[in-house]
Every structure is written in structure tokens, then in C-alpha cells.
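Residue strings, one per chain:
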Amino acid sequence: MHRRSFLAGTAAAAALSGTACRRDTSNWRTLTGSEAATLAVLCDQIIPGGDQPGARWAGAVRFIDIQLTRKYKTHRTAYRDGLQQAEAIAHSRFKSALVDLPLAQQLECAQELERQSPQFFNLLVAHTMQSYYGSPRHGGNRDAVSWRMLGVPPLPVRGQNV
């Protein structure tokens, strides 16, 4: 078999399976760009910014995306389905993407998601809290923002002399 034939066959098989190009051109490990945007809106409804930065700024989406390749692997389908459901709620109620809605309508959609899918919503709350209050070395709690807010001194990074 010639190299060109092999590459053409591989590309055709990948196109048919639909799995080779699951991710869009985003920088996310598991999520697509639109899934990450929807997740950011939901995380900010759980821990909104105000006097202190909210979940989005603290890196909740990054944390969840990283963990979906590690400890949260079993939750990938739940996230895909839950984020699609959140978008479906936004489109059915307001004829718009969740990310394009004003904050009050985003909150309504998050509350409806909680009513329709409490198991996913509870999972999302738990993971958002873990990202916000956990160790920054796991991808969330950027600049130890929650620890500073609580007056907790940042822990030294393992392997570094302090």
C-alpha cells in the first residue's frame, strides 16, 4: 500500500467514525469551545463574581476540563448531556444561546437546569466548589483567590524548597 492511499483511507475512516475530530480548534482538552462557554456561564451562576472574583475567573472551566481527562472521566457523558440541556433550555425559553443572555436570564436557565436535571446540577456544583476552593495545582483557584479571601496562606508547591 502506498503512503497516499493509506492516508486517504485513514482520513475517510476518521470522517465516517466522527471521533477523530471530536474537539473543535479550541485549547480545551475535553470540551469544545461552545461547551466551555456554556460551562463558564453555569459556573459563574454557582459562584458569581462580586467583591471577589467568581468561578470563571478562578479557572473553574479549566479545572473541570482537566479533571474530565483524569478523575472525572466517568462524568464526560453527563457533562456533554447536561451542557446540551442547558443550551436547549436557553433556546426554548429565550431563543438564544445561554452565553448571549443577560445575567438574569442565565440565572433562570441555571435554575431550570437544576429542576430538570438535579443529578447533573449537583455534580456541577460539587466540581465548581472543588475548583474554587481546591489547590491551584489542579487547574482551578487561580492565584489562590479563594484561599486569600478566607485568609488561608497558600501552600508551598511540592518539590520546591521554601
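Model, not experiment: these values are computed from the prediction. (Residues numbered from 1 in each chain as written. Predicted model: local features only at pLDDT ≥ 70, side-chain atom pairs only at ≥ 80, totals over all residues. Heavy atoms only, no water.)

Attention shifts here to helix α2 (residues 33-46). Along its 14 residues, α2 runs 20 Å from first to last C-alpha, staying within 8% of the 20 Å computed at 1.5 Å per residue. Among the residues making up α2, those that are buried are E35, A36, T38, L39, A40, V41, L42, C43 and Q45. Next to the buried residues of α2 lie α3 (55-58), α4 (60-67), α5 (76-94), α6 (103-116) and α7 (118-133). (Helix = DSSP H or I, 4+ residues; strand = E, 2+ residues; numbered from the N terminus. Expected span 1.5 Å × (residues − 1). Buried < 20%, exposed > 50% of the residue type's maximum accessible area, 1.4 Å probe, protein only. Contact = heavy atoms within 4.5 Å.)

Take the packing of α6 against α7 next. Interaxial distance between α6 and α7 falls to 5 Å at its minimum, and their mutual angle equals 120°. Relative to α7, α6 is oriented oblique. Between α6 and α7, the contacting residues are A110, L113, E114, R115 and Q116 on the first element and P118, F120 and F121 on the second. Grouping the amino acids of the contact of α6 with α7 by side-chain chemistry returns five nonpolar, one polar and two charged. (Axes fitted to C-alpha atoms, helices over the stretch in contact; angles between N-to-C directions. Parallel < 35°, antiparallel > 145°, perpendicular 65-115°, else oblique. Nonpolar A, V, L, I, M, F, W, Y, C, P; charged D, E, K, R; others polar.)

The next point concerns a nonpolar patch on the surface. Judged by side-chain polarity, M129, Y133, M149, L150 and V152 come together as a nonpolar surface patch covering roughly 430 Å² of accessible area. Sorting the residues of the nonpolar patch by element identifies α7 and α8 (145-150) as the ones contributing at least two each. Relative to the helices and strands, M149 is located in helix α8. On the basis of relative accessibility, which here comes to 35%, the residue M149 falls in the partly exposed class. (Patch = residues over 30% accessible without salt bridge, like charges linked within 9 Å, V, L, I, M, F, W, Y side chains within 5 Å. Areas by Shrake-Rupley, 256 points an atom, 1.4 Å probe, with all protein chains shown as cover. Salt bridge = Lys/Arg side-chain N within 4 Å of Asp/Glu carboxyl O.)

Limitation: the analysis is restricted to geometry and does not speak to function.
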